[in-house]
Amino acid sequence: MKRKHKGRKIYKTKEKNYYGKSPFGKFMSAVLTVLLIGGIGFIGYSVAEPIINYTQHKGDKPEVEPTAADTTAYADKETEPATKPESVQSTGTHPDEIVVGAALKTSDLQNSESLQSAISALPADTNISYIEIPLKSSDGFLWYGSSVYDAQTVGAVHGSMSLDEIVSVVESNGYKAAAVISTFEDSCFPAAYYDAGYVTYADGSQWIDNEADAGGKPWMSPYSQKALDYLSEITAEISAAGFDRIICSGLVFPPFRQSDLDLLGERYGRSDRCMALTSAANLMYDKAMSNGASMQVEISAADILGGRGDVLQPMLLSATSVILRVDIDELGNSAAQYDFSGSPGDIALKCITLTADKLSDFNVSVRLTGSSLTAAQVGDAREKIAEYGYDSFIFG
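The rules behind these values
Residues numbered from 1 in each chain as written. Predicted model: local features only at pLDDT ≥ 70, side-chain atom pairs only at ≥ 80, totals over all residues. Heavy atoms only, no water. Helix = DSSP H or I, 4+ residues; strand = E, 2+ residues; numbered from the N terminus. 1 Å grid on protein atoms, 1.4 Å probe; cavity = no way out; pocket = protein on both sides within 12 Å on 5 of 7 lines; lining within 4 Å. Points joined across faces, edges and corners; volume = space filled by probe spheres on them. Nonpolar A, V, L, I, M, F, W, Y, C, P; charged D, E, K, R; others polar. Buried < 20%, exposed > 50% of the residue type's maximum accessible area, 1.4 Å probe, protein only. Pairing = 2+ DSSP bridges. Right-handed = clockwise from strand over helix to strand, strands pointing away. Phe/Tyr/Trp six-rings, centres within 6.5 Å; stacked < 30°, edge-to-face > 60°. Lys NZ or Arg CZ within 6 Å of the ring centre and 35° of its normal.

Visitor: Residues and numbers for the environment of Gln 337, please.
Guide: For Gln 337, the location among the structural elements is in the loop between helix H11 (328-333) and helix H12 (344-359). Expressed as a C-alpha distance, the spacing of Gln 337 and Leu 305, which sit 32 residues apart in the sequence, is 9.3 Å.

Structural data, given as structure tokens:
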């Protein structure tokens, strides 16, 4: 209930009569008035100036209009075209985080000579700053001399070069080393440790992604503590060896069919399953950061468009940088409802447009890869991508 407003009570007083004073009294009143006004003004100025000086921060300057030099400070960068589609947002990295990288192959890690040869073959006019080294591939194999006990036990170690040697070769050529770790797309480790992979709800038998005679294979599960411990050890070992950044790929669930979900249980089809992936990513993020390395999440455009971009949760994910992998071969073989015809540059632009909403809260780099890419196609794609605000680019 509202209270009724009664109003303010008005009290009237009689006004004093100042007209009955003598001439001398009037004169003294005038003098005192002048002195009073002058004193108030002097005190006000004396007090106000130190207060203003105190509240103004040291070094503060009045605002000035930007000069022509200010507005052309980044004239050497690509400018945003006026015809940029509204659906595409500039989510490229901050200007001081621009990255140009080149990704090598596992075959380049046979020894220091093969690694040096691969680096020497890179184009010299592309301003490359990072070399991506695939240390753990999507089959689960490690392409360096790992000392992780479980990796040695399951036969996952397929490389002999030490991590220190790899970093030394990369840095001696003037580049920074980035390690690529495939996480849950791993069929080697869960083949030996069933509890590291997916098991059926009814009898606890191992789940594989297809019939065995059709090449079905197991995957590591983000719900498995055994899998998380294994990835944590590998991340710690690699990040402690001097790699500047760790790139984690394969942070996805398998492409489950309804028949798979019926076997595995309902939690794998729920929307909150993303928390298992983000928790795993944050675990590796903490391991990398504790050793002085940054971490990025790599995810393919095909996975995002196929509804498997669960890890892209900006409110849950510690990593703020994402690499969008545009794999020309993968997109060409996918059964997606999108038409990926045209040049590699056109395909990359289409992927950027289609995934813009999912990536709008991240700093984004684009990786273009494919078995038959030419140098001219890579150059064309890089120019087109830069026009849309994605300044960081990786090829290979």
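Now that the structure is up, let's keep going.
Visitor: Quick one: what's the story with empty space enclosed by the protein, residue by residue and with numbers?
Guide: Scanning the entire structure with this criterion turns up one cavity of 30 Å³ or more. Looking at the largest cavity, its volume works out to about 50 Å³. Taken together, Val 99, Gly 101, Tyr 130, Glu 132, Ala 178, Arg 245, Ile 247, Gln 296, Ile 323, Ser 365 and Ile 394 make up the full set of residues lining the largest cavity. Looking at the lining of the largest cavity, the elements with two or more residues in it are strand S2 (130-136) and strand S4 (245-249). Grouping the constituent residues of the lining of the largest cavity by class yields six nonpolar, three polar and two charged.

Visitor: Any chance you could break down the pairing of strand S8 (residues 392-395) for me, citing the residues and the numbers?
Guide: Residues of S8 alternate between two faces, with Ser 392 and Ile 394 on one and Phe 393 and Phe 395 on the opposite face, all of them buried. Judged from the three bridges that link them, strand S1 (residues 100-103) and S8 form a sheet pairing that is parallel. Among the inter-strand pairings, Ala 102 is bridged to a residue of S8, identified as Phe 395. Two elements, strand S7 (residues 363-369) and S8, share four bridges in a ladder whose sense is parallel. Of the residues in S8, the one forming a bridge with Ser 365 is Ser 392. With respect to chirality, the unit in which S7 leads through helix H13 (residues 375-387) into the neighbouring parallel S8 is right-handed.

Visitor: So what's going on with the layout of surface pockets? Which residues, and what values?
Guide: Its boundaries defined by the atoms lining it, the largest pocket holds a volume of some 1400 Å³. Looking at the largest pocket, it is lined by 50 residues, and the ones nearest its centre are Ala 103, Asp 327, Arg 367, Thr 369 and Gly 396. No other element matches the four residues that H13 contributes to the lining of the largest pocket. Considering only residue class, the lining of the largest pocket consists of 18 nonpolar, 15 polar and 17 charged.

Visitor: So what's going on with the packing of aromatic side chains? Which residues, and what values?
Guide: Counted under the stated rule, the structure contains 12 aromatic pairs. Judged by centre distance (5.0 Å) and plane angle (45°), the rings of Phe 189 and Tyr 193 are tilted. Using a relative accessible area of 1% as the deciding quantity, one classes Phe 189 as buried. Look at Tyr 198 and Phe 256: their rings are 5.5 Å apart centre to centre, the planes differ by 85°, and that puts the pair in the edge-to-face class. Of this pair, Tyr 198 sits in the loop between helix H6 (188-192) and helix H7 (225-239) while Phe 256 sits in the loop between S4 and helix H8 (258-264); the two residues are 58 residues apart in sequence, bridging distant segments of the chain. When its relative accessible area of 1% is taken as the criterion, Tyr 198 is described as buried. Every member of this aromatic cluster is reached through a ring pair, and the members are Tyr 198, Trp 207, Tyr 223, Phe 253, Phe 256 and Tyr 268. Between the NZ or CZ atom of Arg 267 and the centre of the ring of Tyr 223, over which it lies, the distance is 4.0 Å. Directly above the ring of Phe 340 sits Lys 350, whose terminal nitrogen or CZ lies 5.9 Å from the centroid.

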